[in-house]
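# Fold and geometry: a report
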Amino acid sequence: MSLAVGEDSSSKSMGFDKDAGDNNESSEAKTTSNMPPNEGNPEEHQAGISRKASESSLCPTEEEDDDEERKIQLGPQCTLKEQFEKDKDDESLRRWKEQLLGTVDFESVGEKLEPEVKILSLAIKSPGRPDMVLPIPEDGKPKGSWFTLKEGSKYSLQFTFQVSNNIVSGLKYTNTVWKTGVKVDSTKEMIGTFSPQEEPYTHEMPEETTPSGMFARGNYSAKSKFADDDNKCHLEINYTFDIRKEWQT
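Scope of this entry: the structure provided in the associated data block. Along each chain, residues carry numbers from 1 onward, in the same order as the chain's sequence is written. This being a predicted model, a pLDDT of at least 70 is required before a residue's local features are given, and a value of 80 or more before pairs of side-chain atoms are given or counted; all residues contribute to the totals for chains, interfaces and linings. Neither water nor hydrogens contribute to the side-chain values; these are computed over all heavy atoms in the structure.

Quick look at the overall build of the protein chain now. A count of helices and strands for the protein chain gives four helices and eleven strands. For the protein chain, the proportion of its 249 residues judged to be buried stands at 46%. The numbering of helices and of strands both runs from the N terminus, where a helix is a DSSP run of H or I of at least 4 residues and a strand a run of E of at least 2. The buried label applies to any residue whose accessible area, calculated with a 1.4 Å probe on protein chains only, is under 20% of its type's maximum; exposed applies above 50%, and partly exposed to all values in between.

Set out below in structure tokens:
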């Protein structure tokens, strides 16, 4: 969740952390799992994961309105087993698929075409403080202020998610923040491509610093989305939060 005021942040520079640009290594996002996604050269093997957007699951975001003309034209959708059987003669592509899919049980995955991504938990981490675990309501609309952050404090967002049925390609996180009806920040973070597995994945966003000062304190509204290359929304949350002088007790 990028809480910058008065500037847009990119997928690499998130929010008001002015020092982030000077230390890219310390601010890079991390995703952990037994089977790391997107290893090797994903651009070289993009043809191996052919996807087709589902009209019933299109969920455009405000941040993506300007990108409509630049959307990737995805190929026919295939089951996971069909993906693995394709291009067997291409040795490098075969190795890349084996690395991506790992020990996937094709029988348990079944023949479903569309991947399912379930966000299991969201937590805000801040040095020297216990993790702030956020409840995820089924309707995606937390009641009241979802959380409170202390001004000028460092924090990062960590979430766990599970992938089932098929490979999810180009999973990304977008977040837009408004204050008194004015958009003050827009963030887009590419998370990666993931194969289905029982063990959840964990991803941590780059560390940010909340803004400080009289004009930064107050109530904000925001919208967060998790979507993939098919433009399918796996979770959308509309919420409000506060920035105050001290942490909420």
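All right, on to the packing of aromatic side chains then. Here a Phe, Tyr or Trp ring, Trp counted by its six-membered ring, pairs with any other such ring whose centre lies within 6.5 Å, and the pair is stacked when the planes are under 30 degrees apart, edge-to-face when over 60, and tilted otherwise. Tallied over the full model, the rule gives 13 aromatic pairs. Where W146 meets Y239, the ring centres are 4.9 Å apart and the plane angle is 55 degrees; that geometry is what we call tilted. Of the two residues, W146 sits in strand 4 (residues 145-150) while Y239 sits in strand 11 (residues 233-244), which places them 93 residues apart along the sequence. You can call W146 buried: its relative accessible area is 9%. Classification of Y239 by relative accessible area gives buried; the value is 3%. Through successive ring pairs, a cluster of aromatic residues spans F159, F161, Y173, F194, Y201 and F226.

Take the sheet that holds strand 10 (residues 218-227) next. Think of it this way: DSSP has to see at least two bridges between two strands before they count as a pair. Read across the open sheet, the five strands follow the order 4-11-10-6-7; overall the sheet is mixed. Looking along the sheet, the strands with just one partner apiece sit at the ends: strand 4 and strand 7 (182-194). The average angle at which neighbouring strand axes cross in this sheet is 25 degrees, direction not considered. Note that strand 6 (residues 168-179) and strand 7 share ten bridges and pair antiparallel. Of the residues in strand 7, the one forming a bridge with T174 is K188. Here, axes are lines fitted to C-alpha atoms. For helices the fit covers the stretch in contact, and angles between N-to-C directions go from 0 to 180 degrees.

Once that is clear, we can look at unusual backbone geometry. Of note in this structure, N165 is not a glycine but carries a positive phi near 75 degrees. Here N165 shows up in the loop between strand 5 (154-164) and strand 6.

It is worth spelling out the pairing of strand 5 at this point. In the sheet, strand 2 (residues 116-125) pairs with strand 5 via nine bridges, with the strands oriented antiparallel. Each bridged residue has a counterpart across the sheet, and for E116 the counterpart in strand 5 is S164. For strand 5 and strand 9 (residues 208-209), the ladder comprises two bridges, and the chain directions are antiparallel. Across the sheet, Y155 pairs through a bridge with E208, a residue of strand 9.

It is worth spelling out the nonpolar core at this point. In plain words, nonpolar cores are sets of buried Ala, Val, Leu, Ile, Met, Phe, Trp, Tyr and Cys residues tied together by side-chain atoms within 4.5 Å. If you look at the biggest cluster of nonpolar residues, it comprises 32 residues, and the most contacted ones within it are L122 and F161. Of all elements in the fold, only strand 2, strand 4, strand 5, strand 6, strand 7, strand 10 and strand 11 reach the threshold of two or more residues within this core. The contacts of F161, once residues within four sequence positions are left out, are V117, K118, I119, L120, L171, I191, F194, P200, Y201 and H203. Contacts are residue-level and defined by heavy atoms, with any inter-residue pair within 4.5 Å sufficient.

Definition used for salt bridges: Asp or Glu carboxyl oxygen within 4 Å of a side-chain nitrogen of Lys or Arg. Applying the stated criterion to the full structure yields six salt bridges. Measuring nitrogen to oxygen at the nearest pair gives 3.5 Å for the salt bridge that ties D131 to K125. Here E246 makes a salt bridge to K150, at a shortest N to O gap of 3.7 Å. You can see E246 sitting in the segment after strand 11 and its partner K150 sitting in strand 4, a full 96 residues away along the chain. For K150, a relative accessible area of 28% translates into the label partly exposed.

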